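# Coordinate inspection notes
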Amino acid sequence: MSDLNHFADTTTGVVFIHAAPTALCPHVEWALASTLDATSAMRWEDQPAQPGARKAIVDWIGPVGTGARLADSLAKWSMLAFEVTEDPSDLVDGERFSHTPELGMWRGQTGASGDVVIAENRLRHLMAAGPAAFHTAVEAELGTAWDRALEPLRGHPAAAEVTWLSRVG
């Protein structure tokens with residue numbers, strides 16, 4: 001495999017652990033490190049919006065599809081509130097996964113700007129349901145309920161320390 005091809009299937013993303021019970025933090029760290037086949041030393045902070053919970057941010061580098069694998073590994077703990085993003089790469093759209101204990105998992109396709117994208121055929125299907133159902137269906141496709149639930153937990157990510165994990169080999 002040439003060096004150029006080596007990077008063709010590589011992408012980046014971010015894992016936002018918005019709220020994790022303190023006792024679960026080492027398990028979350030292990031799950032992320034295991035999925036990425038990397039070592040981890042995450043920097044956890046108190047989650048002011050949810051006493052007794054911790055939060056962390058992890059930037060990652062790995063093969064296309066890693067975002068889905070990370071989200072799947074975290075969703076095993078239903079009490080976590082988190083988001084996983086995977087940036088778009090050559091010929092592959094990005095993705096965002098959002099999870100809350102109350103709502104479960106949501107997945108959306110994202111464009112280069114990080115905005116959720118609804119495909120043309122999907123929009124046509126939603127329009128066919130009629131005007132009364134269209135607004136509600138678009139809100140569901142955009143993950144609006146997850147954004148509302150996670151917004152109080154998001155805080156100011158620029159102030160948080162970020163941990164980088166990258167897959168080796």
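Here the structure is a predicted model, which means the values were calculated and not measured.

Inspection of the entire model under this criterion finds 9 salt bridges. For E83, the salt bridge identified is with R154, shortest N-O distance 2.9 Å. Linking E83 in strand β4 (residues 81-86) with R154 in helix α6 (residues 144-154), this pair joins segments that are 71 residues apart in sequence. Residue class for E83 comes out buried when judged on its relative accessible area of 6%. Residues joined in a network through salt bridges with shared partners are E83, R96, D147, E151 and R154.

Here we take up unusual backbone geometry. At D37, a residue that is not glycine, the phi angle is positive and equals roughly 50°. Within the secondary structure layout, D37 lies in the loop between α2 (25-36) and β2 (45-46). Assessed through its relative accessible area of 44%, D37 is described here as partly exposed. The phi torsion at L91 lies on the positive side, around 65°, for a residue other than glycine. In this fold, L91 is placed in the loop between β4 and β5 (94-100).

As a further point, take the side chain of T100. Inspection of the secondary structure assignment puts T100 in strand β5. Filtering out sequence-adjacent residues up to four positions away, T100 remains in contact with L80, A81, W146, A149 and L150.

Right, let's get into the environment of V138. Structurally, V138 is set in helix α5 (residues 131-142). For V138, a relative accessible area of 17% translates into the label buried. C-alpha of V138 to C-alpha of L123: the two residues are 15 residues apart in sequence and 8.2 Å apart in space. What V138 contacts, discounting residues up to four positions off in sequence, is I118 and L126.

Before going further, it helps to spend a moment on the packing of helix α4 (residues 120-128) against α5. Viewed as axis vectors pointing N to C, α4 and α5 meet at an angle of 145°, and their least axial separation amounts to 8 Å. As for the relative orientation of α4 and α5, their crossing is right-handed in sense. Facing R122, L123, L126 and M127 of α4, the residues of α5 in contact are F134, A137, V138 and E141. Classifying every residue of the contact of α4 with α5 gives 6 nonpolar, no polar and 2 charged.

Calculation rules
Residues numbered from 1 in each chain as written. Predicted model: local features only at pLDDT ≥ 70, side-chain atom pairs only at ≥ 80, totals over all residues. Heavy atoms only, no water. Salt bridge = Lys/Arg side-chain N within 4 Å of Asp/Glu carboxyl O. Helix = DSSP H or I, 4+ residues; strand = E, 2+ residues; numbered from the N terminus. Buried < 20%, exposed > 50% of the residue type's maximum accessible area, 1.4 Å probe, protein only. Contact = heavy atoms within 4.5 Å. Axes fitted to C-alpha atoms, helices over the stretch in contact; angles between N-to-C directions. Left-handed = near helix turned anticlockwise from the far one by under 90°. Nonpolar A, V, L, I, M, F, W, Y, C, P; charged D, E, K, R; others polar.

All we've got here are geometric facts, nothing functional implied.
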